Amino acid sequence: MKSLWAKAYYQRQKEKGHRHQSILRSLAYKWQRILFRCWQCREAYDEKRYLNALEKSGSPLLKTIDAIRKTHPELCEQFS
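My aim in this report is to walk through the structure given alongside it, one point at a time. (Residues numbered from 1 in each chain as written. Predicted model: local features only at pLDDT ≥ 70, side-chain atom pairs only at ≥ 80, totals over all residues. Heavy atoms only, no water.)

## Comments concerning the environment of Leu-24
Phase 1: As for its placement among the helices and strands, Leu-24 is situated in helix H2 (residues 20-41).
Phase 2: Spatially, the C-alpha atom of Leu-24 lies 19 Å from that of Tyr-50, the residues being 26 residues apart in sequence. (Helix = DSSP H or I, 4+ residues; strand = E, 2+ residues; numbered from the N terminus.)

Structural data, given as structure tokens:
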């Protein structure tokens, strides 16, 4: 399984000039927080739920996610 928001986050950070290792560390921290919350609530991770939360909060990642949806439709198939 690949994560649409994680790919978008990586691309945005790369555009800002961050280095690969730095981006991976910050992504690992985000995943850690998400998985800890899943563990607390005893729920499986749901990519659709996370994407909906990003939309609800008006995340700047949404523009990058839309671009990825157009260029990499195979990533979106697993979330439809």
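## What to know about helix H3 (residues 47-57)
Phase 1: Those residues of H3 lying buried are Glu-47, Leu-51 and Leu-54. All buried residues of H3 project into a common sector of 55 degrees when viewed along the axis, lining one side. The exposed set on the far side of H3, more than 90 degrees from its buried face, consists of Arg-49, Lys-56 and Ser-57.
Phase 2: Buried-residue contacts for H3 involve helix H1 (4-15) and helix H4 (61-71).
Phase 3: Capping the start of H3 is the job of one residue whose side-chain oxygen sits 3.2 Å from the backbone nitrogen of Lys-48: Asp-46.
Phase 4: Remark: Gly-58 follows H3 within two positions and exhibits a positive phi of approximately 70 degrees. (Buried < 20%, exposed > 50% of the residue type's maximum accessible area, 1.4 Å probe, protein only. Arc of directions from axis to C-beta. Contact = heavy atoms within 4.5 Å. Polar contact = N/O pair within 3.5 Å; in protein donor to acceptor, adjacent residues only side chain to side chain.)

## What about the side chain of Glu-47?
Phase 1: With respect to the secondary-structure elements, Glu-47 resides in helix H3.
Phase 2: Although Glu-47 lies buried, it forms no salt bridge, and the closest oppositely charged side chain, Arg-69, sits 7.9 Å away as judged by the N-O distance.
Phase 3: Polar side-chain contacts of Glu-47 include one of 2.5 Å to the side chain of Tyr-45. (Lys, Arg positive; Asp, Glu negative; His and termini not counted. Salt bridge = Lys/Arg side-chain N within 4 Å of Asp/Glu carboxyl O.)

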